[in-house]
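# Structural characterization, general
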Amino acid sequence: MKTVYACFTTDVIHEGHMNIIRTANKYGRLIIGVLTDEAMVKFDRFPSISFEERLNMIKNIPGVDEVVVQDNIMYDDIVEKLHPDFIIHGDNWMSGPTRAIRDNAEKLLSQYGGKIIDVPYTYNENVKHIDNKMREKLAMPEFRRKRLKQLLKIRPIVKAIEVHNGLTGLIAEKTVVEHNGQLDQFDAMWISSLCDSLAKGKPDIELVDMTSRYRTIEDVTEVTTKPIIFDGDTGGLTEHFVYTVRTLERLGVSAIIIEDKTGLKKNSLFGTEVEQTQDTIENFSAKIAAGKKVQLTDDFMIIARIESLILEKGIDDALVRANAFIKAGADGIMIHSRKSDPSEILEFCDLFRQNDKTTPIVVVPTSFNAITEDELAAHGANIVIYANQLTRSAFPAMENTAKEILVNHRAKESEERLLPIKDIISMIDTL
Ligand code: SPV
Ligand code: MG
């Protein structure tokens, strides 16, 4: 009897899956691999039910002879272990980044004469509806909010990218790349105070008020499912901060990062070129403790951002503060630097990890951008934030086009660099 293998990454079985199962049964004994959470979040989306639930669901489908665990989206281990005669999949994997998965399967099978079965993908209103419902469940505050903590448990380092509106939210949500035979995407979104302010043509000095910042969150949550880390600047007055915590929790935000500065906040990347005042350990600890006290769920995180390196107060000061803020209840710490050399950040991480193996460390490698995610993770960093690169790439592109139109007195010359009109009008899915 021949064996047929299929990998399932779904939380809901619909007619498309049943079609694959029926087709597979014609070829032989069907083994289904259930993709682990770790592997699933890396290339697709967060599961809305647990791995065990997915395993049981698939085990109980008539026509499924055996269920196994698949812990990588690529088939190398599975093919080595099971040597299936066929791998079956919907033909939607013939284009886009998932093509890399098909290529991987094909190459492995060709070594011993195995074959791929591409089943025409079932795409009708019912399947579309089920798929949308599954995704939209992930966008609900109660599911989205806890996802950062879940990701921290299963990702070697959580990767967040800056977003400041629906469009940048969609980029963070949907961008998947194939590189070196692996698929990758961002895990989370960072609502940067710098970029949220810049998008409104305002300086990054806590001038854009919370009502407006909440509006940005709503614009982003409308069209995405990934977890949000909110840049809360100094957190403002403690009496105000407690309300911010409540609102963010209700909106489904996973974490707020507040920095230990006081008075008129200026962007950290100015460093000591402008006057910036660090808050006292006592005041800032009291602010964190007040926030933790009003928090209603276990999902939400308050992360303390330490500005000692930015203000040239040294690593020892940063370590003392980190420990004090954790004692006050902080769920994580962010350490920032504006040097291009990452040494002080790495030294901080190493020293901090000597006594604390678990509290998440967040880093923002804007200035020290040569360091890779793997290197940061090796020093104990848990979250890496690409804090402003989308805004910084869009701005020069827009400015160049504006200049070009002025020079040419028409738009023809710019056209070939622009997204085609037909792509832009069909870019956004309608309900
Ligand atoms: C932001 O993105 O607004 C930040 C990070 O706070 S930084 O600009 O580097 O201070
Ligand atoms: Mg900021």
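Not measured: the values here are computed from a predicted model.

Calculation notes
- Numbering of residues starts from 1 in every chain and runs along the sequence as written.
- Each chain gets a letter, beginning with A, and each ligand a number, beginning with 1, in the order they are written.
- pLDDT decides what is reported in this predicted model: residues at 70 or higher carry local features, side-chain atom pairs at 80 or more are listed and counted, and totals for whole chains, interfaces and linings draw on all residues regardless.
- To get the side-chain values, take all heavy atoms of the structure and skip hydrogens and water.
- We call a residue near a molecule or strand as soon as one heavy atom of that residue lies within 4 Å of the molecule or strand.
- Accessibility throughout is a Shrake-Rupley quantity obtained with a 1.4 Å probe, and a residue counts as covered only by protein chains that appear here.
- Ten residues, namely Ala, Val, Leu, Ile, Met, Phe, Trp, Tyr, Cys and Pro, are considered nonpolar, four, namely Asp, Glu, Lys and Arg, are considered charged, and the remaining ones, Gly among them, are considered polar.
- The numbering of helices and of strands both runs from the N terminus, where a helix is a DSSP run of H or I of at least 4 residues and a strand a run of E of at least 2.
- Think of it in three bands: with a 1.4 Å probe and only protein chains considered, a residue is buried below 20% of the maximum accessible area for its type, exposed above 50%, and partly exposed in between.
- Contacts described as polar in this section are N or O atom pairs within 3.5 Å, which, within protein, must combine one atom able to donate a hydrogen with one able to accept it, while residues neighboring in sequence count only if both atoms come from side chains.
- A contact between two residues is defined here by any heavy atoms of the two lying within 4.5 Å.
- Note: two strands are recorded as paired if DSSP finds a minimum of 2 bridges between them.
- Fitting a line to C-alpha atoms yields each axis, with helices limited to the stretch in contact; the angle taken between N-to-C directions then spans 0 to 180 degrees.
- The span expected for a helix works out to 1.5 Å for each residue beyond the first.
- The salt bridge definition used is simple: a Lys or Arg side-chain nitrogen within 4 Å of an Asp or Glu carboxyl oxygen.
- Any N, O or S atom lying within 2.8 Å of the metal counts as a donor, and for Na, K and Ca the limit rises to 3.2 Å; water is left out, so some sites can look incomplete.
- Place the viewer so that the strands point away; then a crossover is right-handed whenever the path from the first strand over the helix to the second strand goes clockwise.
- In this scheme, a crossing is called left-handed if the near helix is turned counterclockwise away from the far one by less than a right angle; it is called right-handed if the turn is clockwise.

Take the site of ligand 1 next. Looking at ligand 1, the residues that line it are W190, S192, S193, L194, D231, N267, S268, L269, R305, H336 and A387. Considered on its own, ligand 1 offers 280 Å² of accessible surface; in the complex 100% of this is hidden by protein. Class assignment for the residues of the shell around ligand 1 results in four nonpolar, five polar and two charged.

The next thing to look at is the side chain of R213. Examined against the element boundaries, R213 turns out to sit in helix α11 (residues 210–223). Judged by relative accessible area, which is 1%, R213 ranks as buried. Only 2.8 Å separates the side chain of R213 from the side chain of D196, close enough to count as a polar contact. With sequence-adjacent residues up to four places away left out, R213 is seen in contact with I191, S192, S193, D196, V208, F230, D231 and D233.

A few words now on the sheet that holds strand β16 (residues 361–363). The strands making up a sheet associate through hydrogen bonds between their backbones, and the pairing can be parallel or antiparallel. Pairing in this closed barrel of eight strands is parallel, and the strands run β6-β9-β10-β11-β14-β15-β16-β17 around the ring. Along the sheet, successive strands turn relative to each other by an average axial angle of 25°, direction set aside. Pairing of strand β15 (residues 332–335) with β16, which is carried by three bridges, proceeds in the parallel orientation. Across the sheet, residue I333 finds its bridge partner in β16, namely I361.

Its 14 residues place the ends of helix α12 (residues 238–251) 20 Å apart at the C-alpha level, agreeing with the 20 Å of an ideal helix rising 1.5 Å per residue. Regarding α12, the residues found buried are F241, V242, T244, V245, T247, L248, E249 and L251. Buried residues in α12 make contact with α7 (141–144), α11, β10 (228–231), β11 (255–259), α13 (281–294) and β14 (301–306). Just beyond α12, the residue with positive phi is G252, at close to 90°.

One pass over the full model with this rule turns up 32 salt bridges. In this structure, K200 and D196 form a salt bridge, with 3.0 Å as the shortest nitrogen-oxygen distance. Residue K200 is classed as partly exposed on the basis of its relative accessible area of 36%. For D196, a relative accessible area of 0% gives the class buried. Close ionic contact of R213 with D196 constitutes a salt bridge, the shortest N to O distance being 2.8 Å. One end of the pair, R213, is in helix α11; the other, D196, is in helix α10 (residues 193–198), with 17 residues separating them in the sequence.

Ideal geometry at a metal centre gives angles of 109.5 degrees when four donors are arranged tetrahedrally and 90 or 180 degrees when six donors are arranged octahedrally. For the magnesium ion (ligand 2), the full set of protein donor atoms is S193 (OG) and D231 (OD), at a range of 2.1 to 2.2 Å. Of the two residues, S193 sits in helix α10 while D231 sits in strand β10, which places them 38 residues apart along the sequence. Assigned by exposure class, S193 and D231 land together as buried.

Burial runs high along strand β1 (residues 3–8): six of the six residues are buried. Of the two faces of β1, the one holding T3, Y5 and C7 and the one holding V4, A6 and F8 are both buried throughout. In this fold, the crossover linking β1 to strand β2 (residues 29–35) by way of helix α1 (residues 15–27) has right-handed handedness. Alignment of β1 against strand β4 (residues 86–90), held across two bridges, turns out to be parallel. From the neighbouring strand, Y5 faces β4, where its bridge partner is I87.

For the rest of this paragraph, the subject is the packing of α13 against helix α14 (residues 315–327). At a minimum axis separation of 9 Å, α13 and α14 run at an interaxial angle of 35°. Crossing angle aside, the handedness with which α13 passes α14 is right-handed. When α13 is examined against α14, the residues I281, F284, S285 and I288 are found in contact with a partner set consisting of V320, R321, A324 and F325. Considered class by class, the residues forming the contact of α13 with α14 number six nonpolar, one polar and one charged.

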